[in-house]
Amino acid sequence: MSAPDWTTLWLEEVDSTNEECKRQAHAGAAGGLAVVARAQTRGKGRRGRSFLSLPNKGLYLSLLLYPSVPPEQLSQLTAWTAVAASKAIQKVSGISPDIKWPNDLLVGGKKLCGILTESGTGPQGLYVVIGIGVNLAQTDQDFGPGLSPIAVSLSQLGRSVTPEEMADALLEELHAMYLDFPQASQDYLAFFRRKCVTLGKEVLLISPSGTQTAYAVDVDKGFSLLVRFEDGSEKSVTAGEVSVRGLLGCL
Ligand code: BTN
């Protein structure tokens, strides 16, 4: 897709960079606006969770886009973003994170980066906000007892990366990703499958209708997770339908 040049707005503090992007979209902002904050007071995670966003400890970035593709392709942007963020982290730190389907980036089974994609309609039409949080400098004390067993920062991995360096690398990879979207699907899918630690594992599928265990077989061409049940039947599940937990690890 043709990509506008990104315009970056750096803020000292905001409730959530995703919320700020949405406000900007409703005020008529053009696509390609990246909002980056030193701190978030109400950082949001997926499924209504909060995202710890201490000042200067992480990179909190959201990008506003107006992609003109059918809705079924739009939902793949989150998985594509996991690939782009993984490449950006590798570029600045030398560390190549694993991907937990659909879009968490992990190192040693602990979460290094989370992605929250939201969409809506503003005066310029259907927009997408891609929000990315990367743990840069948190200590176990910063994470606290609830998160320290399941979260990790680049500084804990011996890498010193500033928010500016991380933002620059991310914006560069996101630009390349948007130019590739959706025609380079094969490349992104191959990268995703190679790094996806969910595959080949027993997983717990959690949905409003209940909880089921299954075996994660593959990621299909729409980036849905193909799972096999004990009776041998198979099904593709989307991130909107289920939440996936590994049976042997904390995430
Ligand atoms: C998750 O892990 O559940 C997703 C976390 C996404 C966090 C980022 S930080 C930048 C952007 N602003 C937010 O409020 N959330 C996303």
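What you are looking at is a predicted structure, and each value in this text was computed from that prediction instead of being measured.

Cut-offs and rules
Residues numbered from 1 in each chain as written. Predicted model: local features only at pLDDT ≥ 70, side-chain atom pairs only at ≥ 80, totals over all residues. Heavy atoms only, no water. Pairing = 2+ DSSP bridges. Helix = DSSP H or I, 4+ residues; strand = E, 2+ residues; numbered from the N terminus. Axes fitted to C-alpha atoms, helices over the stretch in contact; angles between N-to-C directions. Contact = heavy atoms within 4.5 Å. Near = heavy atom within 4 Å. Polar contact = N/O pair within 3.5 Å; in protein donor to acceptor, adjacent residues only side chain to side chain. Areas by Shrake-Rupley, 256 points an atom, 1.4 Å probe, with all protein chains shown as cover. Nonpolar A, V, L, I, M, F, W, Y, C, P; charged D, E, K, R; others polar.

1. A few points about the sheet that holds strand 5 (residues 104-107)
Here is step 1: Strand order in the open sheet formed by 7 strands is 1-2-3-7-6-5-4, with mixed pairing between adjacent strands. Strands with a single pairing partner mark the edges of an open sheet, and in this sheet they are strand 1 (7-14) and strand 4 (98-100). Ignoring which end each strand starts from, the neighbouring axes of this sheet average 20 degrees apart.
Here is step 2: On top of the sheet, helix 3 (residues 77-93) reaches strand 4, strand 5, strand 6 (110-122) and strand 7 (125-135); it is set at about 135 degrees to strand 6, its chief contact.

2. Notes on the site of the ligand
Here is step 1: Lining the immediate environment of the ligand, one finds 20 residues, of which Ser16, Gln40, Lys44, Arg46 and Lys111 sit closest.
Here is step 2: Note that an oxygen atom of the ligand is positioned 2.8 Å from one of the side-chain N or O atoms of Ser16.
Here is step 3: In the environment of the ligand, an oxygen atom lies 2.7 Å from a nitrogen or oxygen atom belonging to the backbone of Arg46.
Here is step 4: Here the ligand has 420 Å² of accessible area as a free molecule, and 98% of this is covered by the chains.
Here is step 5: Those elements giving two or more residues to the shell around the ligand turn out to be helix 1 (17-26), strand 3 (58-65), strand 6 and strand 7.
Here is step 6: Take the shell around the ligand: its biggest share by element is 4 residues, from strand 6.
Here is step 7: Within the shell around the ligand, the residues separate by chemical class into 6 nonpolar, 10 polar and 4 charged.

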